[in-house]
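# Fold and geometry: a report
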Amino acid sequence: MDITQVATQMAVLFALVLAGFISRKCGLVGGEFDKRLSNFIIQVTCPCLIVSSTMGDTMPDRSHIPALLGVGLLTYALLIVLAYVLPRLMPIRRSERGMYSFMLTFANVGFIGYPIVASIFGQSAVFYACVLNAPNTLTVFIWGIMFVTGQRLGGFRWQLLCSPAMIATYLSILIVAAGWRAPEVVARPLSLLGGMTVPGALLVIGSSMAAIPARRMVGNAGTYTMCLFRLLLLPLAVYYLMTAIGADHLVAAINATLIGMPVASFGTMFCMKYGRDETVMTQGTFVSTLLSVASIPLLAMLIG
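Residues numbered from 1 in each chain as written. Predicted model: local features only at pLDDT ≥ 70, side-chain atom pairs only at ≥ 80, totals over all residues. Heavy atoms only, no water.

### Remarks on the overall build of the protein chain
Summing up its helical and strand segments, the protein chain has 15 helices and zero strands in all. Scaling as 2.2 N^0.38, a compact globule of 304 residues should have a C-alpha radius of gyration of about 19 Å, and the protein chain matches this with 18 Å. Considering the protein chain as a whole, with its 304 residues, one finds that 52% of them fall into the buried category. Accessible area of the protein chain: about 13400 Å², with a carbon and sulfur share of 66%. Charge separation in the protein chain, taken as the distance between the mean sites of 18 positive and 10 negative side-chain charges, equals 13 Å. (Helix = DSSP H or I, 4+ residues; strand = E, 2+ residues; numbered from the N terminus. Rg over C-alpha atoms; globule rule 2.2 N^0.38 Å. Buried < 20%, exposed > 50% of the residue type's maximum accessible area, 1.4 Å probe, protein only. Areas by Shrake-Rupley, 256 points an atom, 1.4 Å probe, with all protein chains shown as cover. Lys, Arg positive; Asp, Glu negative; His and termini not counted. Charge placed at Lys NZ, Arg CZ, Asp CG, Glu CD.)

### As for the packing of helix α2 (residues 32-52) against helix α14 (residues 266-273)
Two numbers describe how α2 lies on α14: the axes approach to 9 Å, and their chain directions differ by 120°. Classed by the angle they form, the pair α2 and α14 counts as oblique. With respect to the hand of their crossing, α2 and α14 are arranged in left-handed fashion. Here α2 contributes Asp34, Lys35, Ser38, Asn39, Ile41, Ile42, Gln43 and Cys46 to the contact with α14, which in turn contributes Phe266, Met269, Phe270, Met272 and Lys273. Of the residues in the contact of α2 with α14, the class split is seven nonpolar, three polar and three charged. (Axes fitted to C-alpha atoms, helices over the stretch in contact; angles between N-to-C directions. Parallel < 35°, antiparallel > 145°, perpendicular 65-115°, else oblique. Left-handed = near helix turned anticlockwise from the far one by under 90°. Contact = heavy atoms within 4.5 Å. Nonpolar A, V, L, I, M, F, W, Y, C, P; charged D, E, K, R; others polar.)

### Thoughts on the state of the cysteines
Following the criterion strictly, the structure yields zero disulfides and no others. Looking at Cys227, it has no disulfide partner, and the nearest cysteine sulfur is the one in Cys271, 16 Å off. Judged by relative accessible area, which is 0%, Cys271 ranks as buried. (Disulfide = S-S within 2.5 Å.)

### Some words on a nonpolar patch on the surface
On the surface, Phe40, Val44, Leu193 and Met196 cluster together into a nonpolar patch covering about 290 Å² of accessible area. Tracing the chain through its elements places Phe40 in helix α2. Among the residues examined, Phe40 registers a relative accessible area of 34% and is labelled partly exposed. (Patch = residues over 30% accessible without salt bridge, like charges linked within 9 Å, V, L, I, M, F, W, Y side chains within 5 Å. Salt bridge = Lys/Arg side-chain N within 4 Å of Asp/Glu carboxyl O.)

### With respect to the packing of aromatic side chains
Counted by the stated rule, this structure contains nine aromatic pairs. Judged by centre distance (5.3 Å) and plane angle (65°), the ring pair of Tyr84 and Phe147 falls under edge-to-face. In this pair, Tyr84 is assigned in helix α3 (residues 65-85) and Phe147 in helix α7 (residues 134-149), connecting sequence segments 63 residues apart. Residue class for Phe147 comes out buried when judged on its relative accessible area of 6%. Note on Phe102 and Phe270: the rings are 6.1 Å apart at their centroids and 90° apart in plane angle, and the pair reads as edge-to-face. With Phe102 in helix α4 (residues 97-105) and Phe270 in helix α14, this residue pair connects regions lying 168 residues apart in the sequence. Looking at Phe102, the relative accessible area reads 0%, which means it is buried. It is Lys273 that lies over the ring of Tyr274; its NZ or CZ is 5.6 Å from the centre. (Phe/Tyr/Trp six-rings, centres within 6.5 Å; stacked < 30°, edge-to-face > 60°. Lys NZ or Arg CZ within 6 Å of the ring centre and 35° of its normal.)

### Remarks on the packing of helix α6 (residues 125-132) against helix α13 (residues 249-259)
Relative to each other, α6 and α13 sit at 65°, their axes nearing to 10 Å. For the pair α6 and α13, the crossing hand works out as right-handed. Along its contact with α6, which presents Ala125, Tyr128, Ala129 and Leu132, the element α13 presents Val251, Ile254, Asn255 and Leu258. When grouped by side-chain class, the residues that make up the contact of α6 with α13 number seven nonpolar, one polar and no charged.

### Some details on the nonpolar core
Counting residues in each nonpolar core, the largest one holds 86 residues, and the members touching the most others are Phe102, Phe141, Met226, Ile254, Phe266, Phe270 and Met281. For this core, the element with the most residues is helix α12 (residues 221-244), which contributes nine residues. Setting aside residues no more than four positions away along its own chain, Met226 makes contact with Met90, Tyr100, Met103, Leu104, Val263 and Gly284. (Core = buried A, V, L, I, M, F, W, Y, C linked by side-chain atoms within 4.5 Å.)

### Focus: α3
Between the first and last C-alpha of α3 there are 30 Å, a value that for 21 residues agrees with the 30 Å anticipated at 1.5 Å per step. All of the buried residues in α3 are Ile65, Leu68, Val71, Gly72, Thr75, Tyr76, Leu79, Ile80 and Ala83. Down the axis of α3, the buried set is contained in an arc of 165°. They therefore lie on one face. Away from its buried face by more than 90 degrees, α3 exposes Pro66, Ala67 and Val81. (Expected span 1.5 Å × (residues − 1). Arc of directions from axis to C-beta.)

As structure tokens, then:
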């Protein structure tokens, strides 16, 4: 593993977050702008990013898709179950359990995960990561929203299955399964719009941080307990489970690496979109991203 590449990726991440932080302090962003940008990212740029991920120069090998999807689905089924259980054992308020459930389940794969997988396992492993992460895309717009809004399974809205991101997920699977190559006039605009997702999300996180007193950004005992599970314990547990049931070592290692990424940036945007206080989510995102500089190399050594 190239530690320099990992460090560089983290530096880029913090630079974009810092840009959002400074912009908020200068009065350039914040308030209604952040809410509208979050909604635009969720409804427009993220679906474009999902679809454009299938439109690279090399078409993925379709024969690997069923096994990879199986591992990914099993992984997120396990994570969602644990996300309901673990917050009840953590030193947090009852009203915050949904936020911690989100942070324990969903990782920042899109911006950090894929480059890290490439640096550890090689560029060819990125396809594995994309398919393994497909259930993440499926569940973050269902259970992720339910965790943030405090809904229960009985209050699930089936309309979520027809959200722009979900429609993009269905299209992506069909594109790969059919082996369709999009013409440049289709792929290029989708790629450009999708490219706005990562910097936009990080700017929103930085802006949110600027509205929170510095002394509160360090988090609390619940934040660090969550980070321990998010960055090390959960990925290691899933890795050993997958290898125990016969999953290929490379697939299990890539899957564990993806799970070991910091908290997904969509959490903060969901809070804004649905009118929830984003303080806890922003704290978890910031602290987990900071600690991941050390935890990612450690995880790679443990599963290598």
